[in-house]
Amino acid sequence: MSVSNVGNLMHISMDKISLDERTDAPEFLIKASAKLLIEAGGRNSIPVVVAEIEEDKYKVIGNSFVYAIAKEAQLQRVWCIVTDASERTFNLTKILAGESIPKINLSTATRDEIQSALQYLIEKPNSALKGVNLASATNRIEEAPRQNWTNLDPIIKMKCGITKGKKLDALKEVFYLTPESIPEGDTAEVVTDSDSSLKGLTITQLKDMAKRKGIPGYNKKKKQELITLLLAS
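Keep in mind it's a predicted model, so treat the numbers as computed, not measured. (Residues numbered from 1 in each chain as written. Predicted model: local features only at pLDDT ≥ 70, side-chain atom pairs only at ≥ 80, totals over all residues. Heavy atoms only, no water.)

Each helix and strand counted, the protein chain has nine helices and seven strands in total. Its C-alpha atoms give the protein chain a radius of gyration of 25 Å, more than 25% over the compact-globule value 17 Å for 233 residues. Taken along its principal axes, the extent of the C-alpha atoms in the protein chain is 80 × 45 × 25 Å. In the protein chain, the share of contacts with a sequence separation of at least 24, taken over all contacts with a separation of at least 6, comes to 65%. For the protein chain, the exposed surface amounts to about 13,800 Å²; the carbon and sulfur share of it is 51%. Separation of charge centres in the protein chain, based on 32 positive and 30 negative side chains, amounts to 7 Å. (Helix = DSSP H or I, 4+ residues; strand = E, 2+ residues; numbered from the N terminus. Rg over C-alpha atoms; globule rule 2.2 N^0.38 Å. Contact = heavy atoms within 4.5 Å. Areas by Shrake-Rupley, 256 points an atom, 1.4 Å probe, with all protein chains shown as cover. Lys, Arg positive; Asp, Glu negative; His and termini not counted. Charge placed at Lys NZ, Arg CZ, Asp CG, Glu CD.)

It is worth spelling out the pairing of strand β4 (residues 57–62) at this point. Of the strand pairs in this sheet, strand β2 (residues 17–18) and β4 are connected by two bridges, and their pairing is parallel. Bridging from a neighbouring strand, I17 pairs with Y58 of β4. As judged from the five bridges shared by strand β3 (residues 48–54) and β4, these two strands associate in the antiparallel manner. Within the sheet, the bridge partner assigned to E52 lies in β4 and is Y58. Between the antiparallel neighbours β3 and β4 lie two residues, among them D56 with a positive phi of about 65 degrees. (Pairing = 2+ DSSP bridges.)

The next point concerns the environment of L206. Take L206: it is sitting in helix α8 (residues 203–213). Sequence-distant contacts of L206, defined by excluding residues within four places in its chain, comprise L198, L201, K223, L226, I227 and L230.

Our next topic: the side chain of T138. Along the chain, T138 turns up in helix α5 (residues 134–143). A polar atom in the side chain of T138 sits 2.7 Å from the backbone oxygen of L134. In this view, T138 contacts R111, I114, Q115 and L118; residues no more than four positions away in its chain are not counted. (Polar contact = N/O pair within 3.5 Å; in protein donor to acceptor, adjacent residues only side chain to side chain.)

Inspection of the secondary structure assignment puts S107 in the loop between β6 (104–105) and α4 (111–123). With relative accessibility at 8%, the residue S107 sits in the buried group. Of note is the side chain of S107, whose polar atom sits 2.8 Å from the backbone nitrogen of T178. Those residues in contact with S107, other than ones at most four positions away along the chain, are R146, Q147, Y176, L177, T178 and P179. (Buried < 20%, exposed > 50% of the residue type's maximum accessible area, 1.4 Å probe, protein only.)

As a further point, take the nonpolar core. Counting 24 residues, the largest nonpolar core has L106, L129, I141, I155, I162, L171 and F175 as its most contacted members. When residues of this core are assigned to their parent elements, the largest contribution, five residues, is made by α4. In contact with L171, not counting residues within four places along its chain, are L118, L121, L129, L152, I155 and I162. (Core = buried A, V, L, I, M, F, W, Y, C linked by side-chain atoms within 4.5 Å.)

Turning our eyes to something else, we now look at the packing of helix α1 (residues 27–39) against helix α2 (residues 64–72). In contact at an axis separation of 8 Å, α1 and α2 are set at 65 degrees when each is read in the N-to-C sense. Regarding the angle of α1 to α2, the classification is roughly perpendicular. For the crossing formed where α1 meets α2, the hand is right-handed. Between α1 and α2, the contacting residues are L29, I30, K31, S33, A34 and L37 on the first element and F65, A68, I69, A70 and E72 on the second. (Axes fitted to C-alpha atoms, helices over the stretch in contact; angles between N-to-C directions. Parallel < 35°, antiparallel > 145°, perpendicular 65-115°, else oblique. Left-handed = near helix turned anticlockwise from the far one by under 90°.)

In total, this model carries seven salt bridges according to the counting rule given. Between K172 and D169 there is a salt bridge, with the nearest N and O atoms lying 3.4 Å from each other. Classification of K172 by relative accessible area gives partly exposed; the value is 45%. Residue classification places D169 among the partly exposed positions, given a relative accessible area of 44%. Among the charged side chains, a salt-bridge network with shared partners connects E27, K31 and E72. (Salt bridge = Lys/Arg side-chain N within 4 Å of Asp/Glu carboxyl O.)

Here is the structure:
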């Protein structure tokens, strides 16, 4: 694949550009903007961002709204910035163009990152998290053993106003997890208060925890039985 045009500002023919995902902008905005673009001479001062997928073929990966306007205005050519077709470039471009929301790794996030992400969610119009105490939620999440979480369910038990359902689901918009693997024989007590965290361990790790706690008959128990015993211990 030729990448000779990557990094260039080019005036590309519209028939050489494809768009996988349509913009969700209202039709009125597209049509009204297209009219203004035509009246201004048909030159888009904000370029479309395209990936060079093969020689002389491009795909829109950023500023799809501008592309939709150019198409509505029936422009023959549109000004574009050409990038590579890597997934990393695609994701970053979507974020920089304001077309997707950046996520932070809750497993390693700092207190400030957690607070700013929660504040963003709480202040959104019609937010499911409206009424959640920002300081309380931030403190409890920041202090939790997040590095071992396999999902966000442990937050439900923190009694910080975030309950199962829409409120918990709202967090998935800005957070993701990369749980640390727990070495065999070193499961410690960091996850014993969470059913969801225990489910993320292997049966060998659960038996090791049960042994440390002195739970009788642990070696013959099934995984869910071990989890129940550990939670009750």
